[in-house]
Amino acid sequence: MSNPRFIAGNTAIDDWQQHVEEDNGTGIYIDVDTTAGNFSETPVYTANLCGRDSMWTTTGGNTIYTPTAKGFRIYVRWQDGRPLPVEYAVSHGWYISWVATEV
């Protein structure tokens, strides 16, 4: 059994993009780049939404989508379905803190 490798990081607060779905309201997403880990296979990812405030009223901030050896995506929206503009996330300092583990 080999020793596990770890890499961790944070996204920039201005990397958020707008996402719109008819049935789920308007939210935001961010693509997390993990290429610095030089993973040969998709590692195990753990992530969470961080910032100054209001994260507790959102959903999705710890859910990994489309994981690959090079990264993954996180979608975030308000729990009540109100529109969530990118500007709100940026002005409140939201970012994703993540860890990747290759066993």
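Values in this document were obtained by computation on a predicted structure and should not be read as measured data. (Residues numbered from 1 in each chain as written. Predicted model: local features only at pLDDT ≥ 70, side-chain atom pairs only at ≥ 80, totals over all residues. Heavy atoms only, no water.)

Enquirer: What is the right way to read the pattern of salt bridges from this model?
Expert: Opposite charge on two side chains allows them to pair when their charged atoms are near. Tallied over the full model, the rule gives three salt bridges. Arg73 is paired through a salt bridge with Asp31; the nearest N and O atoms lie 2.6 Å apart. Note that Arg73 is positioned in strand β7 (residues 71-78) and Asp31 in strand β3 (residues 25-33), a separation of 42 residues in sequence. Ionic pairing is found between Asp80 and Arg82, a salt bridge with its closest N-O pair at 2.9 Å. (Salt bridge = Lys/Arg side-chain N within 4 Å of Asp/Glu carboxyl O. Helix = DSSP H or I, 4+ residues; strand = E, 2+ residues; numbered from the N terminus.)

Enquirer: What exactly am I supposed to notice about unusual backbone geometry here?
Expert: Leave glycine aside and you will find that most residues have negative phi; peptide bonds, for their part, are mostly trans. In the Ramachandran plot, Asn38 falls in the positive-phi region, its phi being about 50 degrees despite a non-glycine side chain. Assignment of secondary structure puts Asn38 in the loop between β3 and β4 (44-50). Phi at Thr66 is positive, roughly 45 degrees, even though this residue is not glycine. You can see Thr66 is positioned in strand β6 (residues 65-68). Given a relative accessible area of 58%, Thr66 falls into the exposed group. (Buried < 20%, exposed > 50% of the residue type's maximum accessible area, 1.4 Å probe, protein only.)

Enquirer: Is there a simple way to explain the sheet that holds strand β8 (residues 95-102) in this structure?
Expert: Note on sheets: strands pair through backbone hydrogen bonds, and any given pair is parallel or antiparallel. If you walk across this open sheet you meet the three strands as β1-β8-β4, and the pairing is antiparallel. Edge positions in the sheet fall to β1 (5-10) and β4, since each has one partner strand and no second. Adjacent strand axes in the sheet meet at a mean angle of 10 degrees when their direction is disregarded. Judged from the six bridges that link them, β1 and β8 form a sheet pairing that is antiparallel. The residue of β8 that forms the bridge with Asn10 is Ser97. (Pairing = 2+ DSSP bridges. Axes fitted to C-alpha atoms, helices over the stretch in contact; angles between N-to-C directions.)

Enquirer: Before we go on, may I ask you to explain the pairing of β6 in this structure?
Expert: Within a regular beta strand, the side chains point alternately toward one face of the sheet and then the other, so they alternate between its two faces. Across two bridges, the pairing between β6 and β7 is antiparallel. Pairing of Tyr65 across the sheet is with Arg73, part of β7. Taking the residues between adjacent antiparallel strands as the criterion, β6 and β7 are bridged by two residues.

Enquirer: Help me understand the side chain of His92, please; the structure alone is not making it clear to me.
Expert: Along the chain, His92 falls in the loop between α1 (86-91) and β8. Within the structure, the side chain of His92 is placed 3.1 Å from the side chain of Ser91, a separation counted as a polar contact. If near-sequence neighbours (up to four positions away) are discounted, His92 is found in contact with Gly51, Arg52 and Asp53. (Polar contact = N/O pair within 3.5 Å; in protein donor to acceptor, adjacent residues only side chain to side chain. Contact = heavy atoms within 4.5 Å.)

On their own, these measurements won't tell you what the molecule is for.
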